[in-house]
Amino acid sequence: MSATTTAPTSGSTALPAFRPSMKVPLTLGILALIALVFFGFLGPDQTAEMKISDAGDAVAVPALMIPGQVGGVVFGILLLAMAAYSIYLWTQGERSPKWLPIAFAVVFVFALLVWIVAGARQPSISLAGLVAGSVTLAVPLVFGSLSGVLCERVGVVNIAIEGQLLGGAFTAALVATMTGSPYIGLIAAAAAGAAVSMVLAVFSIKYLVNQIIVGVVLNVLVSGLTGFLYGTLMVPNKEQFNTPGRLDILPIPLLSDIPIIGPILFEQSIAGYLMYIAVAVVWFGLFKTRWGLRVRAVGEHPQAADTLGINVNATRFWNVTLGGAIAGIGGAVFTLVTIDSFTKDISGGRGFIALAALIFGRWNPIGAFLASLLFGFAYNLQSILGIIGTPVPSQFMAMLPYLVTIFAVAGLVGKSRGPAASGIPYVKG
């Protein structure tokens, strides 16, 4: 028996060649053109001084002196080259590598920073101070976004992050003052965040109330309750109930002596080190353990998980509770690290920003951590803009992270999809 092959006839229809999405190359191209025009051709004439090290650092690094307009043109051409490479890959039927949008974002942000500083009355900025402040401001956002990751990975939308942060901040200040120990206040903050999360879990999982509505109501409830107790308890009795003190800064030997990055990363309070640990543990737990496989199965296909013997609602309940405890620790940062007292609505909407960081980070702990750093950078830059006297409105910088988040949700910087069962209650049977 002989095998024969049949050549395709002229009338046969060939399958179309695979062509990846044009979203990434198009977005990079548009942003590169914007950078070249506004940062370069229309850029300021002054020279931006970018200080890498502070005066007190053991190792002095010369400052970068970058001409505003010339530097903008150079950065714009570099961005155009990266965008052109992405377009070339698209024409060849290949996707842009993951490192390309990241490198593009770093260059774009640095070009934006040069443009802002060069146009200021005092065209000088300390990069070390900017990064250090960004890390500090990002700590509660990281804890809040990790809370959202744990909740949404099991199918519960955690709109109540704001309430968990606020409850943790109030409880930390109150308990730390009454016990005289900020560390006990930190533990109490975790318990308060867990308590708020339990309310969310009970109503959304057991009683099947809409998760968005429960989260919004909890935010309003915690805001009103803490505001009432602040006005009636803390204001008239500040010494007794609202002088918690601060968590000690604990430099790590040797690591804190590393030039430039050592003081930024390794001179933190215990809350800062817990942030690093929490990101690593949550990532490892979700993607490298049997527990994480069960959690992700519940968030993607609860019916299949139930068939395999996983208690879907119990898994959701305890994950939401754990997420609340983590968010409560983030709330304690406001009153035990940033300032040494509680004020009404001290979280200032950071819970919703943490939710945006969660989405931008694609429901991944490391991605949420990096997105939180971006938001912290934008927040810190707002305050610095007023100091150096730049004509760029601070509200413009506050708007940028949200624009990036919109791009991420729309898929303009890559695929962004949450767990399939997120927000959908599960009824057994």
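Refer to the structure above for everything that follows.
Note that residues are indexed from 1 along each chain, following the sequence as it is written. Two thresholds apply to this predicted model, a pLDDT of at least 70 for residue-level local features and 80 or more for giving and counting side-chain atom pairs, whereas whole-chain, interface and lining totals are computed over all residues. The side-chain numbers reported here are obtained from all heavy atoms of the structure, hydrogens and water having been left aside.

**What about the sheet that holds strand β1 (residues 47-51)?**
We apply this condition: Here a strand pair is declared whenever DSSP counts at least two bridges between the two strands. Helix and strand assignments come from DSSP, with helices taken as H or I runs of at least 4 residues and strands as E runs of at least 2, each series counted from the N terminus. Every angle, taken between N-to-C directions, lies between 0 and 180 degrees, and every axis is a line fitted to C-alpha atoms, over only the stretch in contact when it is a helix. By definition in these notes, contact holds between two residues if any of their heavy atoms fall within 4.5 Å.
A sheet is described by the order of its strands in space; here three strands give the open sequence β2-β1-β3, paired in mixed fashion. Two strands in the sheet have a free side with no partner beyond their single neighbour: β2 (64-67) and β3 (124-126). Averaged over all adjacent pairs, the angle separating strand axes in this sheet is 20°, with direction ignored. Relative to the sheet, helix α3 (residues 99-118) contacts β1, β2 and β3, its axis offset from that of β1 by approximately 115°. Sitting on the sheet, helix α4 (residues 127-152) is in contact with β1 and β3, with an inclination near 50° to β3.

**A short note on the side chain of N158**
Formally: N or O atoms closer than or at 3.5 Å make up a polar contact, with two conditions inside protein: a donor-capable atom paired with an acceptor-capable one, and, for residues adjacent in sequence, both atoms drawn from side chains.
Among the secondary structure elements, N158 is positioned in the loop between α4 and α5 (161-179). Here the side chain of N158 touches S147 through a polar contact of 3.1 Å, side chain to side chain. If we ignore the near neighbours within four places in the chain, the residues touching N158 are S147, G148, C151, E152, Q164, L200 and L355.

**Things to note about the packing of helix α1 (residues 23-41) against α3**
The cut-off we apply is this: Working definition: roughly parallel below 35 degrees, roughly antiparallel above 145 degrees, roughly perpendicular at 65 to 115 degrees, and oblique for all remaining angles. A crossing counts as left-handed when the near helix is turned anticlockwise from the far one by less than a right angle, and as right-handed when that turn is clockwise.
One way to put it is that α1 packs onto α3 with a least axis distance of 11 Å and a crossing angle of 20°. Viewed along their axes, α1 and α3 adopt a mutual orientation that is roughly parallel. The two elements α1 and α3 cross, and the hand of that crossing is left-handed. When α1 is examined against α3, the residues V24, L28, L31, A32, A35, F38 and F39 are found in contact with a partner set consisting of L100, P101, F104, F108, A111, L112 and W115.

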